[in-house]
Amino acid sequence: MAERIEQRLEDRVPELEQLERVGLFTRKEIRAVLRKASALEYKIQRRALQKEDFINYIQYEINLLELIKKRRARIGYSFKKDEIENSILHRVHSLFNRATGKWKEDVQLWLSHVAFCKQWNAKHQLSKVFSSMLAIHSNKPALWIMAAKWEMETQLSSESARHLFLRALRFHPECPKLYQEYFRMELMHAEKQRKEKKEFEQAKMDLGEFNYSEEILNGEMARIIYRDAAQKIKGVEFHLAVLSIAKLFDFTQELQKEILESLQTKYADDPLTWDYMARRELELGSLQSTERSTKQTKVSEMTQREERCCAVFEEAVRAVPTEDMWKCYITFCLERYNRKTNSKELKQKRLERTLSVFNKTHESSLLPEALYKQWLQLLLESNLFEKAMEVAEAATKRFSLSVETWQMRLQVLIQLKSDDVTQCFEEAVKHVKSKGTLPLWTLWVEWSERTNSKEDTEALYQRSLHATTPAESVTMKEMYLDWTYRNGGYKKVKRVFTSLCENRPFSLDFFRKMIQIEKEQESCKMLHLREYYERALREFGSTDSDLWLDYIKEELSHPQGKPENCGSIHWRAMKLLQGDLVEDFISKYTLLQTGHL
C-alpha cells in the first residue's frame with residue numbers, strides 16, 4: 001500500500017514542478033499540495049473504503065483546477081496545459097471511475113462525474129460515462145433523456161441521439177416523457193436540416209451531394225413517433241404535451257392538425273380536451289390581430305376572444321356536465337379576471353363572467369368545496385355582502401360535516417358584523433362531530449372575547465372543555481388560563497388553574513404559563529412555584545429534562561428557595577428520565593454547577 005501511494009505521489013511531481021517553474025505556485029504551496037495529496041491518498045487506499053473520502057479527494061482536485069485557472073488569468077499565462085491541467089483531469093476521472101465502480105447505485109455520484117465532464121469539456125470521457133451509467137441505471141428514463149440531449153445539442157449527432165432514444169424505449173416502451181423528448185428531438189433535427197438547406201439555396205450551392213429528404217424536412221419522423229406512442233400511451237395529457245411541442249416549430253401545421261383530430265376523436269368527453277379547445281380561441285385571435293390596433297380595439301378584440309372561449313366552455317359543460325369540467329371553466333375565468341388590465345370595462349366584464357359561472361356551477365351542485373372559498377373572496381372584494389352570506393350558508397348546507405366550510409361561513413359573518421354569529425356557531429357545533437371542532441371553538445371564544453361579556457366568554461370556555469376531544473381540550477385550557485389572567489387577575493387564574501388540573505390531559509405550556517404568571521407577581525412565592533413544578537413533573541417528568549433543570553435553578557435563585565432540595569430533585573430526575581434524556585440532563589446539570597448555564 002505504501003509503495004502504491006509513493007508511486008502516485010511521484011506521478012504528481014512533473015505537474016507540480018511545472019506549476020512552480022512557470023510561477024503559478026510557490027515552493028511552499030507545492031509542499032502543502034503534496035502533504036494534502038498524501039493524506040487523501042492514504043484514505044482511499046485503505047481496505048474499508050469510505051465514499052466521503054473519494055468525494056473529498058475529488059473536490060480537492062477540482063478546487064486545485066479552479067485555483068490554477070484563476071492564477072493563469074491573473075498572470076496571463078496559458079501554456080503547459082497538457083503537463084499541468086490534463087494530468088489533474090486524468091486523475092479526477094480515475095477517482096470518479098473508482099468511486100462509481102464501488103458505489104454503482106449512487107446516481108448522484110454518476111451525475112457529479114457527468115457535470116465535471118461538461119464543465120471541463122471532456123467529451124470523449126463523457127461519452128464513456130454515459131455508456132457505463134446507462135448500463136447500470138437503464139431503469140431511469142431521465143438519464144437516457146439527458147444522454148440523448150447531450151448527443152443532440154452538444155455533439156450535434158442526431159443519429160446517436162436517435163439510437164439512445166430507441167434503446168431507452170426498449171426498456172421503457174410506455175414512458176410518455178421519453179416519447180415526448182424523442183418527438184422533440186426529431187423536430188429539432190428537421191428544423192436544423194431546413195435551415196441548412198435554406199442557407200445552401202441562398203448561397204446558390206449545388207445540393208446534389210446533400211441528401212435532404214422531404215419527409216424528414218416536413219417532420220415525418222416525428223409523426224411516426226407520435227403515431228407509435230399514441231397506440232401505447234393512453235390519456236389526454238400525452239396528446240396535449242406533444243401538441244405543445246409541435247407548436248414550437250413553424251412547419252408542423254399538418255402534424256398539429258392530426259394530433260388535434262386524434263384528441264377530439266379519442267377523448268371527446270375529457271374535460272382537458274374541451275379546456276384546450278376553448279383556450280385555443282385566445283391564441284387564434286392573437287394570430288389575427290394587427291400591431292396598429294388602438295387601445296380600444298385591443299380591448300374589444302380581447303373581449304371577443306374571451307367570449308369565444310366562453311362559448312366553447314358553455315358547449316363543454318352541456319356536453320360533459322361534470323365537476324372537473326366546471327372546474328376547468330371556473331379556473332379559466334379566474335385566470336382572466338386576475339390578469340392585469342387598464343380597462344375598467346374589461347375588468348368588470350371578467351368579474352361578472354366569473355361570478356356568473358360560479359353561480360351556474362353552484363346551481364348544478366357541482367362546485368367543489370375548495371372553490372366556495374374563492375367565490376366568497378371574490379364576492380367580499382366586490383362588496384357583494386348579501387350574496388356572500390347567501391353563498392356561505394348554501395356551502396354549509398351542501399358540506400354540513402366540513403369544519404373548514406363552517407369556519408369559512410363564520411369568518412364571513414364575523415367580518416360583516418352579522419347578528420347571526422352565535423346562532424351559526426351553535427348550528428356548526430351541532431352538525432360537526434366533536435373530533436376536529438377545535439378551529440370552531442377557538443374562533444368562537446376569540447370572537448366572544450371581542451364581543452360578549454366576560455361572563456358569557458367564561459361560560460363558553462367552560463363549555464368548550466367538555467365539547468372538544470380530550471386532546472383538543474388541551475389547547476382550550478391554555479387559552480382559558482391566558483384569558484382568565486388577562487381579564488380576572490392573579491387570584492382568579494389560580495382558582496381556574498386548580499380547577500383545570502382536575503381533568504387530564506395537559507400540555508407542558510399550560511404549566512409553564514402558570515409558572516410564568518406566578519413569577520410576574522411582586523410577592524412571588526416559592527411554595528406556589530414548587531406546587532406548579534411538581535404538578536408539571538407528574539405529567540412530563542420522564543420526557544422533559546429542562547423542566548427538572550428549571551426547577552433546580554428556581555430553588556437556587558429564588559429568595560425563598562432551598563438549595564438543599566436540589567440533591568433530591570436531581571436524584572428523582574435521574575430515576576424518572578428515559579433513555580438519552582439522562583445524559584442530556586447530566587451534561588446540562590454539570591454546566592449549571594460550573595456556572596456556565
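Residues numbered from 1 in each chain as written. Predicted model: local features only at pLDDT ≥ 70, side-chain atom pairs only at ≥ 80, totals over all residues. Heavy atoms only, no water.

Student: So what's going on with the UniProt feature "domain: U3 small nucleolar RNA-associated protein 6 N-terminal" (unreviewed entry) in the chain? Residues and values would help.
Tutor: Taking the UniProt record as the reference, the feature "domain: U3 small nucleolar RNA-associated protein 6 N-terminal" (unreviewed entry) is found at residues 9-91. End C-alpha to end C-alpha, residues 9-91 measures 11 Å, and it is 76% helix and 0% strand. (UniProt positions renumbered as here; feature names shortened; annotations may be inferred. Helix = DSSP H or I, 4+ residues; strand = E, 2+ residues; numbered from the N terminus.)

Student: Which residues make up helix α9 (residues 176-202), and what values go with them?
Tutor: The terminal C-alpha atoms of α9, which comprises 27 residues, lie 39 Å apart, in line with the 39 Å expected from a rise of 1.5 Å per residue. The first or second residue beyond α9 is Lys204, which carries a positive phi of 55°. (Expected span 1.5 Å × (residues − 1).)

Student: Could you give me a rundown of the packing of aromatic side chains, with the residues and numbers involved?
Tutor: All told, the structure shown has 27 aromatic pairs when counted by the stated rule. Measuring from centroid to centroid gives 5.0 Å for Phe313 and Tyr329, while their planes differ by 10°, and the two rings are stacked. Of this pair, Phe313 sits in helix α15 (residues 295-319) while Tyr329 sits in helix α16 (residues 323-338), placing them 16 residues apart in sequence. Assessed through its relative accessible area of 0%, Phe313 is described here as buried. Consider the rings of Tyr461 and Trp483, whose centres lie 5.6 Å apart with planes at 35°: the pair is tilted. Taken together, the positions of Tyr461 in helix α23 (residues 454-467) and Trp483 in helix α24 (residues 470-500) put the pair 22 residues apart, joining distant regions of the chain. (Phe/Tyr/Trp six-rings, centres within 6.5 Å; stacked < 30°, edge-to-face > 60°. Buried < 20%, exposed > 50% of the residue type's maximum accessible area, 1.4 Å probe, protein only.)

Student: Which residues make up the pattern of salt bridges, and what values do they have?
Tutor: When their charged atoms lie close together, side chains carrying opposite charge are able to pair. All chains considered together, the criterion is met by 46 salt bridges. Notably, a salt bridge pairs Asp228 with Lys232, separated by 3.5 Å at the nearest N-O pair. Of this pair, Asp228 and Lys232 both sit in helix α11 (residues 220-232), four residues apart, roughly one helical turn. Under the relative-accessibility criterion, Asp228 is labelled partly exposed at 31%. Note that Asp550 is salt-bridged to Arg512, the shortest N-O span being 3.0 Å. Taken together, the positions of Asp550 in helix α27 (residues 545-557) and Arg512 in helix α25 (residues 508-519) put the pair 38 residues apart, joining distant regions of the chain. When its relative accessible area of 25% is taken as the criterion, Arg512 is described as partly exposed. Taken together, the shared-partner salt bridges connect Arg12, Glu15, Glu61 and Arg91 into one network. (Salt bridge = Lys/Arg side-chain N within 4 Å of Asp/Glu carboxyl O.)

Student: Please give an account of the packing of α23 against α24 that cites residues and values.
Tutor: Between α23 and α24, the least distance of the axes is 9 Å, while the angle of their chain directions is 140°. The angle between α23 and α24 falls in the class oblique. The handedness of the crossing between α23 and α24 comes out as left-handed. Here Lys454, Thr457, Glu458, Tyr461, Gln462, Ser464 and Leu465 of α23 lie close against α24, whose contacting residues are Ser473, Met476, Lys477, Met479, Tyr480, Trp483, Asn487, Lys492, Val496 and Leu500. (Axes fitted to C-alpha atoms, helices over the stretch in contact; angles between N-to-C directions. Parallel < 35°, antiparallel > 145°, perpendicular 65-115°, else oblique. Left-handed = near helix turned anticlockwise from the far one by under 90°. Contact = heavy atoms within 4.5 Å.)

Student: Explain the domain arrangement of the chain to me, and be specific about the residues and the numbers.
Tutor: With domains assigned, the chain is organised as domain 1 (1-103) and domain 2 (525-596). One C-alpha centre belongs to domain 1, the other to domain 2; they are set 55 Å apart. (Domains from an automatic or database assignment.)

Student: How would you explain the environment of Lys149 if you had to name every residue and give the values?
Tutor: Mapped onto the elements, Lys149 comes out in helix α7 (residues 141-153). Relative accessible area serves as the criterion here: at 36%, Lys149 is assigned to the partly exposed category. Put simply, Lys149 and Arg162 are 13 residues apart on the chain and 9.9 Å apart in space, counted from C-alpha to C-alpha. Setting aside its immediate chain neighbours within four residues, Lys149 contacts Thr154 and Glu181.

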